[in-house]
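Observations on the model geometry
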Amino acid sequence: MKNKIVKSMVFASIATLMIACNPKKEELEVVVVDNDQIKKEIQSMENAFTAAYNSGNMESLEYYDKDAITYSQNASALVGKTAIDNSIRQDIAAFPKGFKLTNTTNEVHVSNDGNQVVEIGAYRIVDSTNTLQRSGNYISVFKKVGSKYYCVRDMAASNLPKDAKKE
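Basis of the calculations
Residues numbered from 1 in each chain as written. Predicted model: local features only at pLDDT ≥ 70, side-chain atom pairs only at ≥ 80, totals over all residues. Heavy atoms only, no water. Helix = DSSP H or I, 4+ residues; strand = E, 2+ residues; numbered from the N terminus. Contact = heavy atoms within 4.5 Å. Areas by Shrake-Rupley, 256 points an atom, 1.4 Å probe, with all protein chains shown as cover. 1 Å grid on protein atoms, 1.4 Å probe; cavity = no way out; pocket = protein on both sides within 12 Å on 5 of 7 lines; lining within 4 Å. Points joined across faces, edges and corners; volume = space filled by probe spheres on them. Nonpolar A, V, L, I, M, F, W, Y, C, P; charged D, E, K, R; others polar. Expected span 1.5 Å × (residues − 1). Polar contact = N/O pair within 3.5 Å; in protein donor to acceptor, adjacent residues only side chain to side chain. Pairing = 2+ DSSP bridges. Axes fitted to C-alpha atoms, helices over the stretch in contact; angles between N-to-C directions.

**Details of the overall build of the protein**
Within the protein, the secondary structure is distributed over 3 helices and 6 strands. In the protein, the order of α-helices and β-strands from amino to carboxyl end is α-α-β-β-α-β-β-β-β. Residue pairs at least 24 apart in sequence account for 51% of intrachain contacts in the protein once pairs closer than 6 positions are excluded. For the protein, the computed accessible surface area is about 11,700 Å², with 55% contributed by carbon and sulfur atoms.

Following this line, the structure appears as structure tokens:
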């Protein structure tokens, strides 16, 4: 009889341990990603960027992540928000009066959880008579921090032939 009680207690202990040690199966959180809404949000960020650029006041713009890297043609990569912001200030200082930059978000590719976005877009620079001066394409990668996206990588390429740079 003692044997049966001991065996029952051992069995109950083993069963309890197995149940307690079995990892809980957490339900997967279903994230609904609205690509159209995210595309509008990224385009809104691009509009704010170009408005700040065209006005010459980039100070209040929150576009780049602190660890962002940007790649430009014929230049070394700029690493970090401070270096990128300083370069943009220099670009603005040299930007011809009356010229206007526009960025257009053509595509967004959003991760399944909505926390990363790859944007493919185009830029145009026109003069005061709306004559095209420069144009090209860009790719930007955004990550979501809280409820806001920040650019972590970007790269641009001109459409103009190498020897046809307009100023």
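On we go from here.
**Some thoughts on the layout of surface pockets**
Gaps between atoms show up when a probe of the same size as a water molecule is rolled over them. The calculated volume of the largest pocket comes to roughly 1,300 Å³. As for the largest pocket, its lining consists of 37 residues, and the residues nearest its centre are S72, Q73, D91, Y123 and A156. Going through the elements one at a time, α2 (35-55), β1 (64-71), α3 (81-94), β3 (100-110), β4 (116-126), β5 (132-145) and β6 (148-158) are the ones with two or more residues in the lining of the largest pocket. Here the lining of the largest pocket is composed, by residue class, of 21 nonpolar, 9 polar and 7 charged. Its boundaries defined by the atoms lining it, the second largest pocket holds a volume of some 150 Å³.

**Quick look at α3**
With 14 residues, α3 extends 20 Å from end C-alpha to end C-alpha; this agrees with the ideal 20 Å at 1.5 Å per step. Structurally, α3 contributes buried residues whose contacts are with α2, β1 and β2 (78-79).

**Structural notes on the environment of D127**
Tracing the backbone through its elements, the reader meets D127 in the loop between β4 and β5. Sequence-wise, D127 and F99 are 28 residues apart; in three dimensions their C-alpha atoms are separated by 4.2 Å. Separated by 2.7 Å, the side chains of D127 and T129 make a polar contact. Within polar-contact distance, the side chain of D127 engages the side chain of Q133 at 3.1 Å.

**Observations regarding the sheet that holds β4**
Picture the strands of a sheet paired through backbone hydrogen bonds; they go either parallel or antiparallel. Across the sheet, 6 strands lie side by side as β2-β1-β6-β5-β4-β3; this open sheet has mixed pairing. On the outer flanks of this sheet lie β2 and β3, each paired with one strand and no other. Strand direction decides the pairing type here: β4 and β5, joined by 11 bridges, are antiparallel. Within β5, the residue paired with I125 across the bridge is R134. Together, β1, β3, β4, β5 and β6 form the strand contacts of α2, whose direction differs from that of β3 by roughly 160°. Of the strands in this sheet, β1 and β2 touch α3, which is tilted by about 60° from β1.

Worth remembering: the numbers are spatial, not functional.
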